[in-house]
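Listed below are the residues making up each chain.
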Amino acid sequence: MTLQQEIVGNAMQMAVVNLHPGQTVYCEAGKFLFKTTNVTMETRLSGPSGNGGQSGGGGGGMGGMLRQAMGTAMQVGQRMLAGESLAFQYFTAQGGQGTVGFAGVLPGEMRALELDGTRAWFAEKDAFVAAESSVEFGIAFQGGRTGMSGGEGFVLEKFTGRGTVIIAGAGNFIDLNPADFGGRIEVDTGCVVAFEEGIQYGVQRVGGLNRQGIMNAVFGGEGLSLATLEGNGRVILQSLTIESLANALKKAQGGDKQGPTGGLFSTHAG
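Counting from 1, residues in each chain are numbered in the order their sequence is written. Local features in this predicted model are restricted to residues of pLDDT 70 or higher, and side-chain atom pairs are both shown and tallied only at a pLDDT of 80 or more, whereas totals for entire chains, interfaces and linings draw on every residue. Each side-chain value is worked out from all heavy atoms of the structure, with water and hydrogens disregarded.

All right, on to the packing of aromatic side chains then. Only centres within 6.5 Å qualify two rings of Phe, Tyr or Trp (six-membered ring in Trp) as a pair; their planes then separate them into stacked at under 30 degrees, edge-to-face at over 60, and tilted for everything else. Overall, the coordinates contain 12 aromatic pairs when judged by the stated rule. Centre to centre, the rings of Phe32 and Phe91 are 5.0 Å apart; their planes meet at 20 degrees, and the pair counts as stacked. Placement of the pair is Phe32 in strand β4 (residues 32-35) and Phe91 in strand β6 (residues 88-93), with a sequence separation of 59 residues. Think of it in three bands: with a 1.4 Å probe and only protein chains considered, a residue is buried below 20% of the maximum accessible area for its type, exposed above 50%, and partly exposed in between. In this structure Phe32 comes out as partly exposed when scored by relative accessible area, which is 27%. Residues Phe195 and Tyr201 carry aromatic rings whose centres are separated by 5.4 Å and whose planes lie at 10 degrees to one another, so their mutual orientation is stacked. Site record: aromatic cluster; members linked through ring pairs are Tyr26, Phe88, Tyr90, Phe128, Phe137 and Phe159. In this text, helices come from DSSP runs of H or I with a minimum length of four residues, and strands from runs of E with a minimum of two, each type numbered from the N-terminal end.

What follows is the structure in structure tokens.
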């Protein structure tokens, strides 16, 4: 059953979801805004398993309970390492249609992605807002070399299954396909919001270890690395990075430590 939702607002959007009787949607803790009284709310450590949000028995008996507990512990451990919320909130309409509202944590856009079961979606951490219970939420760890170089590219959220997932980012969104630009695009590591499975995501050094490469890194505002996206598929970028927002706020408060160099020596938020 497709999730009936509407994204409203402008500078700070929110998603208003209409639930059919018995339909369940879940969100990351802290993304909930409001609900009607006939919508129940339950907080769980376990994520959805693709069976409508109900926890599978794992075979029954003590063995099934143990496997279920170990699975939950692994999920929580992954989310803890990734810096994600440890719990999910589940909302189910009872006795009639219900309404729930969700929002991201930064001023910017939201987007509803429709999964048909053939391709997964990957998103930067904190992009996830809510999804229907048929969508599975997971953590994907990029290779150590890529992640350590890229900073923001080490941990990704992964969405599989069928149904609607709602994501949020900062500023405005732009949709691109690397195939329309020769098969490859290079972007600031903080601008990537989400991309389809089949897109190859990596991180490369900005320039070589020469005079121009050092100038790019120190004065260019990008630091030492750029994200690379290759292949044929949908990519969503955001116009505002968390670091640039944090630096703008610090500057407005008289606490800017970035100095004239901008890039390599800028204060990284978070």
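Of note in this structure, Asp126 is not a glycine but carries a positive phi near 80 degrees. On the secondary structure map, Asp126 appears in the loop between β9 (121-124) and β10 (128-132). Note on Asp126: relative accessible area 40%, which makes it partly exposed.

Further remarks concern the nonpolar core. What makes a nonpolar core is a set of buried Ala, Val, Leu, Ile, Met, Phe, Trp, Tyr and Cys residues whose side-chain atoms join them at distances within 4.5 Å. The biggest cluster of nonpolar side chains holds 21 residues, and the ones touching the most others in it are Tyr26, Phe128, Phe159, Val165 and Ile167. Breaking this core down by element, the ones donating at least two residues are β6, β8 (110-116), β9, β10, β11 (135-141), β12 (155-168) and β15 (192-196). Sort the elements by how many residues they give to this core and β12 lands first, with four residues. A contact between two residues is defined here by any heavy atoms of the two lying within 4.5 Å. Residue contacts for Ile167: discarding those within four places in its chain leaves Glu109, Met110, Arg111, Leu113, Ala127, Val129, Phe159, Val193, Ala194 and Ile236. Core analysis: the next-biggest nonpolar cluster, separate from the first, contains 16 residues, Leu19, Phe91, Ala93 and Ile166 among them.

Our focus in this paragraph is the pattern of salt bridges. Opposite charge on two side chains allows them to pair when their charged atoms are near. Take a side-chain nitrogen of Lys or Arg and a carboxyl oxygen of Asp or Glu: if they are within 4 Å of each other, that pair is a salt bridge. Enumeration according to the criterion identifies eight salt bridges in this entry. Note that Glu109 is salt-bridged to Arg111, the shortest N-O span being 3.8 Å. Residue Glu109 is classed as buried on the basis of its relative accessible area of 17%. Its relative accessible area of 17% is what places Arg111 among the buried residues. Across the salt bridge formed by Asp175 and Arg111, the nearest N and O atoms sit 2.8 Å from each other. With Asp175 in strand β13 (residues 173-176) and Arg111 in strand β8, this pair connects stretches of sequence that are 64 residues apart. A single network of salt bridges, built from pairs that share partners, joins Glu109, Arg111, Asp175 and Arg234.

The pairing criterion is simple: DSSP has to find at least two bridges between the two strands. Taken in spatial order, the four strands line up as β1-β2-β7-β4 in an open sheet, and their pairing is antiparallel. Strands at the two margins of the open sheet, each flanked by one partner only, are β1 (4-8) and β4. Between one strand and the next, the sheet's axes are offset by a mean angle of 20 degrees, whatever the strand orientation. Pairing analysis gives five bridges linking β1 to strand β2 (residues 14-19), with the strands arranged antiparallel. Its bridge partner lying in β2, Gln4 is registered against Asn18. Inter-axis angles, ranging from 0 to 180 degrees, are taken between N-to-C directions of lines fitted to C-alpha atoms, where helices are fitted over the stretch in contact.

Let's shift gears to the side chain of Gln89. Assignment of secondary structure puts Gln89 in strand β6. Beyond its immediate sequence surroundings of up to four residues, Gln89 is in contact with Val25, Tyr26, Cys27, Glu28, Ala29, Gly30, Phe32, Met41, Glu42 and Thr43.

A separate point is the sheet that holds strand β17 (residues 225-230). Strand order in the open sheet made by the three strands is β14-β17-β16, with antiparallel pairing throughout. If you trace the sheet from one side to the other, it starts and ends with β14 (184-187) and β16 (200-205), each paired once. The average angle at which neighbouring strand axes cross in this sheet is 30 degrees, direction not considered. Relative to β17, β14 is paired through four bridges, and the arrangement is antiparallel.

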